[in-house]
Amino acid sequence: MAETILKAEHMFKEFGATKAVTDVTFELHKGTVLGLVGENGSGKSTLSSMIAGVYPPTKGEMTYKGKAYKPGSVLEARKAGIQYLTQEQGTIDGMTVAENMFLGEEDSFGKGGMVNMRKLIARAREILRENGLLNVDPSQPIDNYSFEDRKMIETARSLSKQPDILIIDETTTALSKKGVERIYEIIAEQKAKGTAILIISHDLAEVQHLCDEVMILRDGVFIDLLHGDDINPDNMRQKMIGREFEGSYYRADFTCSYENEVVLSAKDLSVDGVFHDISFELHKGEILGFGGLSDCGMHEVLKTVFGAIKPTHGTVTLHEGNVKLHNTSTSVRHKIAYIPKDRDKESLFQPTSIKDNIVASSLDKIKKGIFISPRAERRMAEEKAAIMEVKMQNVAQMAKDLSGGNKQKVVIAKWLANDSRIFIMDCPTRGIDVGVKAKIYRLMEEFKQQGISVLMVSEEMMELIGMADRIITMKDGRRTGEFLRSESLSEADIISKII
Amino acid sequence: MKKVLALVMAIVMMLAFAACTTNNTPANNGNAGGADVKHKIGMIWYGNTDPMGGTFYAWANHAAELLNVELVWHLGDYTTEAELSACEQMISAGCEGVYFIPMDTAANLQLGNACKDAGVYWAVSNRDILDESIKEACYANPYMVTHIWDDSYNLAKNMVKVLADQGIKKVCMISGDPKDAMMVDRNNGFTDGCKEYGIEILGTFQTETDAKVTTDGVNNFLTLYPDMQGILSVSGTAGTAEAIISTLEGSGKEAGSIKVATFDTFDGNKEAFEKGWLAANAGGYTSECLVAFLALVNRVQGNIKTEGPFKLHLTPIVITNAEEMDLFSKYVDNPEVQLYSDADIKAMVQSTCDEAYYQSVLDNWTIEFIKSAANG
Amino acid sequence: MRDKIRKIIPIAGLLILIILFSLTTGGKFFTWQNLKNIVMQASIALVAAVGTVFVMAHNNLDFSLGGACALSSVLAYLISGGNLWLFIILAIVFGVLCGLFTAVIHIYGRVPAFMGGLCLMFAGRGVAQTATASRYMMIADSGKLNNFWVFLAVVAVVFGIGYFLFNYTKIGKYQKLIGTNPRATDLSGISVNKYKTIAFVISGITLGIASSLALSRSLAVTGNTGLNLETDVLLALSLGGISMAGGSATRIRSAIIGVLTYYILNNGMLLWGMNPDYVDIVKAVFFLATVSISIDRSEYDLIA
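On a predicted model such as this, the values are computed, not experimentally measured, just so you know.

Draft legend 1. Fine view of the overall build of chain B. When helices and strands are tallied, chain B shows 15 helices and twelve strands. A buried classification covers 47% of the 376 residues belonging to chain B. Across chain B, every contact between residues at least 6 apart in sequence was considered, and the portion connecting residues at least 24 apart equals 79%.

Okay, structure coming up:
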């Protein structure tokens with residue numbers, strides 16, 4: 001085994017009454033990729049946060065390069081040579097690319113508080129070039145760049161520091177295929193340089209592809225350390241959940257099934273500069289999937305269908321009552337649900353109770369005149385939360401304290417509360433662990449049986465193939481193809497239509 | 001929800017408890033007391049950071065100490081609601097008298113009634129009461145002790161006389177708002193004075209208490225009336241007097257070829273006298289405040305018995321040269337100086353004081369008085 | 001735990017003040033007369049604050065209160081010709097119009113509401129001073145309403161209705177959602193613009209009522225009508241623990257707690273006969289102390 005660069009022994013972390021990590025011991029080795037895997041709430045993010053200096057352990061010791069290691073802040077950890085890449089936005093709006101890249105290190109570009117901008121920008125350009133980001137201008141405000149570009153800039157920044165340890169926390173979930181490939185390249189390069197890499201991911205196939213060793217955590221406790229052939233999705237899944245995974249994951253059947261009745265149709269829908277001439281029909285009890293690269297416009301199509309974006313041409317019509325859908329109030333009133341891709345920013349009210357989140361769109365149902373009874377609210381929230389099996393203390397708890405998977409359950413509960421008949425879902429299982437993913441798939445199957453229609457976008461090819469009755473592909477804002485559900489449908493078929 | 005209910009119940013209980021306590025208004029106690037009991041007077045005043053405000057603040061505090069009276073001050077408000085609120089609180093605090101300047105005429109009525117209902121004496125100064133019905137109601141209020149206003153009409157006439165004595169025949173006038181009674185007095189004083197002393201008014205514009213507007217106006221005068229010899233102004237506050245002088249200085253005319261007579265003392269007035277631009281400057285209202293206050297103290301202490309107010313007026317001082325201006329700046333509106341001696345003050349709280357007496361004190365407010373007070 | 005302490009600081013501060021002043025003013029604080037005074041003085045700001053809470057909840061600040069009060073009062077006086085009841089109705093109508101003005105500038109101009117508010121603040125003040133300089137705007141009748149029971153009734157009704165709307169109807173609940181996350185609110189099928197406008201209308205109604213109460217105290221509309229109303233209301237709400245950014249944590253009780261705290265503090269200091277030069281300093285210290293303990297720092301996350 002290669003040389004140990006970091007040793008963490010008997011790590012504990014408690015947040016008030018919550019025991020996030022309990023007595024975990026492990027090592028990171030030079031030039032090795034360690035995968036950290038577990039359901040939401042297993043403690044994997046907490047563990048990596050402690051290494052990265054986000055907060056200290058409640059108990060436990062870390063040894064880094066032979067010396068005791070107790071970082072007081074992320075900045076200290078960075079200076080020590082540990083870089084941490086996350087899933088969320090790590091750059092700051094309103095500042096230029098260069099300013100973002102050297103945040104906290106401006107001192108080295110001038111003296112007495114004055115910053116030599118030209119030097120800053122020049123150095124930034126060098127680093128961007130080294131990382132293949134030729135299209136990025138370091139003097140531009142970082143807001144001008146896409147989420148993915150910004151993530152790449154963040155990565156470039158981290159790598160320029162020649163880290164000894166690189167922590168990658170679910171970074172690939174939000175990236176396009178190109179972005180993901182780039183990250184894989186970087187991992188390979190760093191591995192060759194001798195950097196120790198710690199990867200946290202829900203994507204078990206990815207973990208299998210990348211990792212030399214895999215540590216499994218469950219409920220904050222160490223379960224197993226896997227090597228070689230033991231590293232495979234089924235094995236990992238089983239250890240993560242602790243029980244044999246019953247039944248199938250995606251849909252068991254391969255029949256393209258839906259009723260003839262059309263519930264919703266879009267005709268020549270266009271938003272200038274984003275997508276053009278999109279037309280389709282959604283049937284009762286159908287799961288209609290849209291696939292494509294992340295910037296092909298499919299996310300915006302869904303928003304436009306829901307009424308959140310005004311189209312420059314075209315119409316969206318709900319067939320029941322022949323209603324034109326042009327704003328979100330109308331859609332919701334007609335029992336259409338929308339689950340955004342960006343859960344934290346667009347679906348949820350974070351510092352707000354679970355109860356208020358769940359009843360938000362359904363107040364018209366429980367009101368009496370203008371009075372809304374708190375008891376009725378609570379009853380509705382508890383009912384729906386129970387159906388979705390949300391793990392919480394009670395509905396008065398704040399949404400921001402929930403794990404990703406439970407947050408998504410709350411979002412779905414909200415739309416169940418309104419008796420929604422059409423669900424528009426954008427990447428519904430993004431950043432969620434296996435157990436909850438499966439639950440959502442089962443729910444979608446139930447919807448089909450109840451005659452509820454689903455319009456779905458997903459960047460996970462396997463998910464589309466596994467769940468949809470029909471898949472419409474898009475590229476550069478236009479429809480490029482349509483596939484019917486079948487056993488022989490493969491990823492390659494779809495990919496050919498989206499690149 | 002339960003917490004809120006508990007809180008509400010607690011508050012209701014407290015209020016009920018309070019309602020049962022004996023009424024602690026000054027009407028029930030303290031009225032009979034003579035000089036042995038320390039009486040409380042409420043002072044609603046606009047502020048103590050500017051010369052006049054600071055001076056009266058100092059004078060009143062000194063007098064209070066001398067006369068063994070406790071003052072409760074409220075500084076800073078101009079609206080009737082705020083003055084009324086302050087008055088009500090002072091009554092609750094046990095004040096037996098309240099002194100204030102009624103910034104708006106209705107304040108007289110509102111505070112006057114509040115005082116009457118509580119059996120508290122009150123006094124006002126520096127403003128005439130514009131509305132006849134309010135004036136009637138106030139004068140009929142047995143608790144009103146003093147009403148003093150500035151006699152602007154005669155003052156304005158005196159200022160015209162100063163210019164006339166210097167041989168001036170043609171002037172321009174900066175007039176005041178015809179809806180403001182105090183300004184109407186000043187306007188009329190000027191115009192009547194000019195008629196009386198044979199001076200022609202070439203042109204007029206209305207002041208807007210704005211320096212820029214004043215500058216433009218004076219420039220217009222200079223252009224339109226090259227034979228203008230003097231400028232009369234009803235007001236000099238907010239930099240307008242300074243504006244008049246600086247515009248004249250910048251006009252290129254010989255210093256002192258145009259003489260200014262204006263109300264309100266201002267920065268640089270001494271230099272303006274020295275250079276010859278300024279002929280008459282009227283100011284000095286603080287004595288009004290003091291007399292109103294002392295008469296109130298007199299009544300509260302029970303030394304005199306009144307059944308209605310002393311109606312008095314003050315003619316502010318007209319300064320006509322640089323030495324007087326210097327004296328004025330040093331001794332009037334200077335918080336460090338007590339122009340009225342301890343003896344003077346004590347004399348104003350005797351049982352023998354009556355309307356005529358207080359009026360004589362105010363009539364004595366002249367530059368000579370200041371000279372002797374400064375030396376003595 | 002820290003959270004719980006933080007939340008009760010405003011009410012605790014109020015109770016401490018009440019107890020303190022009861023014990024140290026020789027019984028003058030806790031008299032029926034004095035308590036009545038406090039209620040009457042606090043009424044104007046309290047009524048205006050109730051409406052303001054709706055606007056603040058959806059994350060807007062209304063700086064127009066003073067100017068809007070002046071403007072509405074002047075217009076109401078001129079059109080009503082001095083008739084008291086007509087004045088009251090018109091004051092409310094113009095209050096609502098001012099609110100709509102701010103709402104329109106905010107929604108269609110796409111600028112934060114306080115810009116429209118500032119507009120009204122200056123314009124209103126200017127109009128009032130000019131208009132009142134040319135005629136004396138007194139309504140002698142209004143003195144009749146300057147009565148404790150009238151004020152108490154008005155406050156109770158306004159606060160009661162406000163409390164109900166804010167906590168038990170869509171109107172109030174949606175304000176909090178908009179303040180927390182306007183994007184998510186829209187995507188939940190709620191019309192953000194409609195409800196923001198409703199908040200401004202409510203704020204306008206309470207302003208009109210407050211203007212009427214002010215008139216009954218001062219008998220006349222003057223150039224200084226409504227002076228500093230917006231600052232007094234915002235100050236009082238801060239003392240009551242309200243969050244500047246609005247959102248789910250907004251509580252309408254902040255209005256009553258804060259306003260009472262502010263006026264009781266004033267009252268107590270005057271009863272003590274405190275040297276007036278120190279009054280402002282004490283207010284400032286008290287304000288800083290209360291706000292710094294009760295402020296929700298997690299909203300200002302990284303002042304590391």
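Still to come is the rest of the account.
Draft legend 2. The arrangement of the confidence of the model for chain B in detail. Residue and element names in this part refer to chain B. The predicted model of chain B has a mean per-residue pLDDT of 85, with 90% of residues at 70 or higher. Looking across chain B, the model is least confident in helix α1 (residues 2–20), with a mean pLDDT of 58, and most confident in strand β3 (residues 97–100), with 96. Scored below 50 in pLDDT, residues 19–35 makes 27 contacts in the model with residues more than four places away or belonging to other chains. Predicted as a complex, the structure gets a pTM of 0.76 and an ipTM equal to 0.89.

Draft legend 3. Quick look at the sheet that holds strand β8 (residues 196–200) of chain A. Residue and element names in this part refer to chain A. Taken together, six strands build an open sheet; the order of strands is β6-β7-β8-β3-β9-β10 and the sheet is mixed. Where the open sheet ends on each side, the last strands, each with one partner, are β6 (82–85) and β10 (221–227). Ignoring which end each strand starts from, the neighbouring axes of this sheet average 15 degrees apart. Direction of pairing for strand β9 (residues 213–218) relative to β10: antiparallel, over a ladder of six bridges. By the bridge assignment for β10, L217 is matched with F222. Packed onto the sheet, helix α6 (residues 177–193) meets β3 (33–37), β7 (165–169) and β8 and runs at close to 150 degrees relative to β8.

Draft legend 4. A look at the arrangement of the chains. A comparison of contact numbers over the two pairs of chains in contact places chains B and C at the top. At the level of C-alpha atoms, the two units chain A and chain B stay apart, their nearest approach being 11 Å.

Draft legend 5. Highlighting the interface of chain C and chain A. Each partner contributes residues to the interface: chain C has 18 residues there, and chain A has 22 residues. The leading source of residues in the side of chain C that touches chain A is helix α7 (residues 170–180) of chain C, at four residues. For the side of chain C that touches chain A, the class distribution of residues is six nonpolar, eight polar and four charged.

Draft legend 6. A look at the environment of R479(A). Residue and element names in this part refer to chain A. If you trace the backbone, R479 turns up in strand β20 (residues 478–484). On the neighbour-count criterion, R479 (19 C-beta atoms within 10 Å) is partly exposed. Not counting residues up to four positions away in its chain, the partners in contact with R479 are I278, I472 and M474.

Draft legend 7. Here's a closer look at the nonpolar core. Within the largest apolar cluster, 273 residues are counted, with the highest numbers of intra-cluster contacts made by I424(A), V98(B), L296(B), V47(C), A49(C) and V259(C). Those residues within four positions of A49(C) in sequence are excluded, and the remaining contacts are V233(C), A236(C), L237(C), A255(C) and V259(C). If you look at the next biggest cluster of nonpolar residues, it comprises 44 residues, including A20(A), M50(A), Y84(A) and L210(A).

Draft legend 8. Highlighting the domain arrangement of chain B. Residue and element names in this part refer to chain B. In terms of domains, chain B is made up of domain 1 (34–151 + 285–317 + 342–374) and domain 2 (152–283). A separation of 32 Å is found between the C-alpha centroids of domain 1 and domain 2. Taken residue by residue, the interface counts seven residues in domain 1 and eight residues in domain 2. Tallied by class, residues from the side of domain 1 that touches domain 2 come to three nonpolar, one polar and three charged.

Draft legend 9. Quick peek at the interface of chain C and chain B. Listed per partner, the contact involves 28 residues of chain C and 31 residues of chain B. Elements supplying a minimum of two residues to the side of chain C that touches chain B: α2 (32–57), α5 (113–134), α9 (192–218) and α11 (253–272) of chain C. With six residues, α2(C) is the largest single contributor of residues to the side of chain C that touches chain B. Looking at the side of chain C that touches chain B residue by residue, the class counts come to 13 nonpolar, twelve polar and three charged.

Here is what the cut-offs are and how they apply
- Every residue gets a number counted from 1 within its own chain, in the order that chain's sequence is written.
- Just so you know, chain letters begin at A and ligand numbers begin at 1, following the order they were written in.
- For a predicted model such as this one, the threshold for reporting local features is a pLDDT of at least 70, and the threshold for listing and counting side-chain atom pairs is 80 or more; totals across whole chains, interfaces and linings nevertheless cover every residue.
- Helix and strand definitions follow DSSP, with helices as H or I runs of at least four residues and strands as E runs of at least two, each counted in order from the N terminus.
- Buried means a residue has 20 or more other C-beta atoms within 10 Å of its own C-beta, exposed means 12 or fewer, and partly exposed covers the counts in between; C-beta atoms are placed from the backbone.
- The contact rule is simple: place each C-beta atom from the backbone, and if two of them lie within 7 Å, those residues are in contact.
- pLDDT is a per-residue confidence score from the predictor, ranging from 0 to 100.
- Two strands pair under a simple rule: DSSP has to find at least two bridges between them.
- For helices, the axis comes from a line fit to the C-alpha atoms of the stretch in contact; other axes are also lines fit to C-alpha atoms, and the angle between any two N-to-C directions lies between 0 and 180 degrees.
- Residue polarity follows a fixed list, in which Ala, Val, Leu, Ile, Met, Phe, Trp, Tyr, Cys and Pro are nonpolar, Asp, Glu, Lys and Arg are charged, and the others, Gly among them, are polar.
- To count as a nonpolar core, a set of buried Ala, Val, Leu, Ile, Met, Phe, Trp, Tyr and Cys residues must be joined through C-beta atoms within 7 Å.
- Delimitation of the domains relies on an automatic or database domain assignment.

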